[in-house]
Amino acid sequence: MKELFEIFRYRLLWLNLILVALSIVLMFHYKIISLLAFVLLINLYDILGYHFTLIRRSTHVPDKVIVKAYRVHQLLFEILIAVLIGLIFGWQYSITCAILKWFGLQDLLYYLFLQKQIPDKFTWMKWTPFGIIKGDLSKFEVIFQATIGIIIAILIIIL
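Keep in mind that what you see is a predicted model, and the values were worked out from it rather than measured.

**Q** Teacher, can you tell me more about the nonpolar core here?
**A** Most often, soluble globular proteins keep nonpolar side chains buried together rather than apart. Counting residues in hydrophobic clusters, the biggest one holds 35 residues, and the most contacted among them are Phe38, Ile85 and Phe122. Among the elements that make up this core, the one with the highest residue count is helix α3 (residues 33–55) (9 residues). Setting aside chain neighbours within four positions, we find Ile85 in contact with Ser34, Phe38, Gly90, Tyr93, Ser94 and Cys97.

**Q** Just checking my understanding: could you explain the environment of Leu40 for this structure?
**A** Mapping Leu40 onto the fold places it in helix α3. Residues Leu40 and Tyr50 lie 10 residues apart in sequence; the distance between their C-alpha atoms is 15 Å. Beyond its immediate sequence surroundings of up to four residues, Leu40 is in contact with Asn16, Leu19, Val20, Ser23 and Phe113.

**Q** I tried to follow a nonpolar patch on the surface on my own but got confused; where do I start?
**A** A cluster of nonpolar side chains, namely Ile24, Phe28, Leu75, Ile79, Leu80, Val83, Leu84, Leu87, Ile88, Trp91 and Ile95, defines an oily patch on the protein surface of about 1000 Å² accessible area. Sorting elements by how many residues they give to the nonpolar patch places helix α4 (residues 63–89) first, with 7 residues. Within the secondary structure layout, Val83 lies in helix α4.

**Q** Mind showing me how you'd approach unusual backbone geometry here?
**A** At Arg11, a residue that is not glycine, the phi angle is positive and equals roughly 45°. Judged by relative accessible area, Arg11 falls into the partly exposed class, the value being 36%. Phi is positive for Gln115, which is not a glycine, with a value near 55°. Structurally, the position occupied by Gln115 is in the loop between α6 (105–113) and β1 (121–122).

**Q** What exactly am I supposed to notice about the side chain of Asn16 here?
**A** Looking at where Asn16 falls in the secondary structure, it is placed in helix α2 (residues 13–26). Among all residues touching Asn16, those that are not within four sequence positions of it are Leu40, Asn43, Leu44, Ile47 and Phe113.

**Q** When you look at the packing of aromatic side chains in this model, what are you seeing that I'm missing?
**A** The description of an aromatic ring pair rests on the distance of the ring centres and on the angle between the ring planes. Summed over the entire model, instances satisfying the criterion amount to 12 aromatic pairs. Ring geometry for Tyr111 versus Phe122: centroids 6.1 Å apart, planes at 85°, classification edge-to-face. You can see Tyr111 sitting in helix α6 and its partner Phe122 sitting in strand β1, a full 11 residues away along the chain. Each of the two residues, Tyr111 as well as Phe122, counts as buried. A connected cluster of aromatic rings, assembled from ring pairs, spans Tyr45, Tyr50, Tyr70, Phe77, Tyr110, Tyr111, Phe122 and Trp124.

**Q** Whenever I open this one, the side chain of Asp107 confuses me. Can you help?
**A** Along the chain, Asp107 turns up in helix α6. Despite its burial, Asp107 pairs with no opposite charge, the nearest such side chain being Lys101 at 4.3 Å. In contact with Asp107, other than residues within four places in its own chain, are Lys101, Trp124, Met125 and Trp127.

Basis of the calculations
- Residues numbered from 1 in each chain as written.
- Predicted model: local features only at pLDDT ≥ 70, side-chain atom pairs only at ≥ 80, totals over all residues.
- Heavy atoms only, no water.
- Core = buried A, V, L, I, M, F, W, Y, C linked by side-chain atoms within 4.5 Å.
- Buried < 20%, exposed > 50% of the residue type's maximum accessible area, 1.4 Å probe, protein only.
- Helix = DSSP H or I, 4+ residues; strand = E, 2+ residues; numbered from the N terminus.
- Contact = heavy atoms within 4.5 Å.
- Patch = residues over 30% accessible without salt bridge, like charges linked within 9 Å, V, L, I, M, F, W, Y side chains within 5 Å.
- Areas by Shrake-Rupley, 256 points an atom, 1.4 Å probe, with all protein chains shown as cover.
- Salt bridge = Lys/Arg side-chain N within 4 Å of Asp/Glu carboxyl O.
- Phe/Tyr/Trp six-rings, centres within 6.5 Å; stacked < 30°, edge-to-face > 60°.
- Lys, Arg positive; Asp, Glu negative; His and termini not counted.

Following this line, the structure appears as structure tokens:
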């Protein structure tokens with residue numbers, strides 16, 4: 001139990017956990033908060049899965065293999081949560097969750113909650129809208145893209 005508390009006291013992980021719990025409770029009163037719950041929950045999963053399991057490990061398995069395996073179960077988890085939100089609140093909420101993920105909001109939250117400096121260059125975001133067009137993205141482009149994703153998500157919910 002002591003180790004579990006140590007994990008949750010790590011940087012701002014405790015804040016991410018509290019915000020997940022709060023947003024899960026509040027999303028049943030305000031559906032739009034389900035979007036926040038989605039992004040915070042997959043961020044928590046990414047911090048615990050990627051940061052703690054992959055970065056802070058010692059193994060003889062090649063990094064490429066481990067990261068690909070992680071990405072498979074990460075994607076399955078994200079799809080599961082988005083489908084659950086769709087079943088509970090409607091598919092427009094599920095679609096907006098996917099948009100927030102696709103536009104890179106969770107990647108920025110990852111750095112925020114780990115209190116790490118946002119990289120000047122994002123070489124791995126080739127799957128995002130700007131990344132498909134440009135390839136490697138600057139910090140500004142990722143922040144701008146995430147902002148556009150938030151605006152699109154809100155417009156889908158409003159309309």
